[in-house]
Amino acid sequence: MTTYEQKIYTVINASTEHLTVEQIFKQVKEEYPKVVLATIYNNVNKLWKAGLIRKISVAGSPDRYDRTQKHDHLVCRRCGRLVDTSFEDLTASLRNSVGDAFLYYDLKVFYLCPDCRKQLNDNNNI
Ligand SMILES: [Zn+2]
Ligand SMILES: [Zn+2]
């Protein structure tokens, strides 16, 4: 791994925030002030293609990046906030229905986060 790849990998693995490329850029810049955004884009892409980090795409939000360690996500349908969670491992059940061609699954569960629920309730009370 190059210095930048190593740094980006560390930043992503140290975070539970599901960082966008812009946010990764800000953190890398603290240590390497000369780095440019395009370099971060390229290196994030390389790490993702190598399977070292995970990309989370939600329509309407920029792509976010995450550690590969197995976990699932709750996504707020209203504000787009992403929360780590862990559901029962579905691998066995999927392998049963899909067969040997099964590779992996990437689960996103949509919900309304507590803040959005609160806001909606408050609005209803006016
Ligand atoms: Zn929300
Ligand atoms: Zn996550």
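It should be noted that the structure appears before, not after, this text.
Below: a short report on this structure. Predicted model only: the values in this text are computed from it and were never measured. (Residues numbered from 1 in each chain as written. Chains lettered and ligands numbered in written order. Predicted model: local features only at pLDDT ≥ 70, side-chain atom pairs only at ≥ 80, totals over all residues. Heavy atoms only, no water.)

Counting its secondary structure elements, the protein contains five helices and five strands. Put simply, the protein runs from its N terminus to its C terminus through helices and strands in the order α-α-α-β-β-β-β-α-β-α. Over its C-alpha atoms, taken along the principal directions, the protein stretches across nearly 50 × 50 × 20 Å. For the protein, the proportion of its 126 residues judged to be buried stands at 30%. Contacts in the protein between residues far apart in sequence, at least 24 positions, make up 47% of those at least 6 positions apart. Summed over all atoms, the accessible surface of the protein reaches about 8,400 Å², with 51% contributed by carbon and sulfur. Between the mean site of the 18 positive side-chain charges and the mean site of the 15 negative ones, the protein shows a separation of 5 Å. (Helix = DSSP H or I, 4+ residues; strand = E, 2+ residues; numbered from the N terminus. Buried < 20%, exposed > 50% of the residue type's maximum accessible area, 1.4 Å probe, protein only. Contact = heavy atoms within 4.5 Å. Areas by Shrake-Rupley, 256 points an atom, 1.4 Å probe, with all protein chains shown as cover. Lys, Arg positive; Asp, Glu negative; His and termini not counted. Charge placed at Lys NZ, Arg CZ, Asp CG, Glu CD.)

Moving on, we come to the coordination of the zinc ion (ligand 2). At this site the zinc ion (ligand 2) is bound by His 18 (NE2), Asp 66 (OD), His 71 (NE2), His 73 (NE2) and Asp 84 (OD), with donor distances of 2.0 to 2.1 Å. Donor residues for the zinc ion (ligand 2), ordered by position in the chain, follow H-x47-D-x4-H-x1-H-x10-D. With His 18 in the loop between α1 (3-14) and α2 (21-31) and Asp 84 in strand β4 (residues 82-85), this residue pair connects regions lying 66 residues apart in the sequence. Residue classification places His 18 among the buried positions, given a relative accessible area of 3%. Looking at Asp 84, the relative accessible area reads 25%, which means it is partly exposed. (Donors = N, O, S within 2.8 Å, 3.2 Å for Na, K, Ca; no water.)

Residue position: Asn 43 is located in helix α3 (residues 37-49). Accessibility expressed as a relative area gives 6% for Asn 43, which makes it buried.

Take the coordination of the zinc ion (ligand 1) next. Protein-derived ligands of the zinc ion (ligand 1) are Cys 76 (SG), Cys 79 (SG), Cys 113 (SG) and Cys 116 (SG), with the metal-ligand distances lying across 2.3 Å. Coordination at the zinc ion (ligand 1) is tetrahedral: its four donor atoms span angles of 106 to 112 degrees at the metal. Spacing between the donor residues of the zinc ion (ligand 1) along their common chain follows C-x2-C-x33-C-x2-C. A residue pair is termed long-range when its members are at least 10 positions apart, and Cys 79 in the loop between β3 (72-76) and β4 and Cys 116 in helix α5 (residues 114-125) qualify at 37 residues. Overall, the relative accessible area of 41% leaves Cys 79 in the partly exposed class. (Tetrahedral: all angles 85-135°; square planar, octahedral: opposite > 155°, others 65-115°.)

By size, the foremost hydrophobic cluster in this structure holds 14 residues, and its most contacted members are Ile 8, Ile 24, Val 28, Ile 40, Val 44 and Tyr 65. Those elements giving two or more residues to this core turn out to be α1, α2 and α3. With four residues, the top contributor of residues to this core is α2. Among residues more than four places away in sequence, those in contact with Ile 8 are Ile 24, Val 28, Ile 40, Asn 43, Val 44 and Leu 47. (Core = buried A, V, L, I, M, F, W, Y, C linked by side-chain atoms within 4.5 Å.)

According to the stated counting rule, one finds nine salt bridges in the structure shown. A salt bridge links Glu 31 to Lys 7; its shortest N-O distance comes to 2.7 Å. Within this pair, whereas Glu 31 is found in helix α2, its partner Lys 7 is found in helix α1, the two being separated by 24 residues in sequence. Overall, the relative accessible area of 19% leaves Lys 7 in the buried class. Between Lys 118 and Asp 122 there is a salt bridge, and its shortest N-O distance comes to 3.2 Å. In this pair, Lys 118 and Asp 122 both sit in helix α5, four residues apart, roughly one turn of the helix. The class for Asp 122 is partly exposed, based on a relative accessible area of 37%. Each member of the salt-bridge network shares a partner with another, and the members are Asp 66, Arg 67 and Asp 84. (Salt bridge = Lys/Arg side-chain N within 4 Å of Asp/Glu carboxyl O.)

Treat this as a map of the structure, not an account of what it does.
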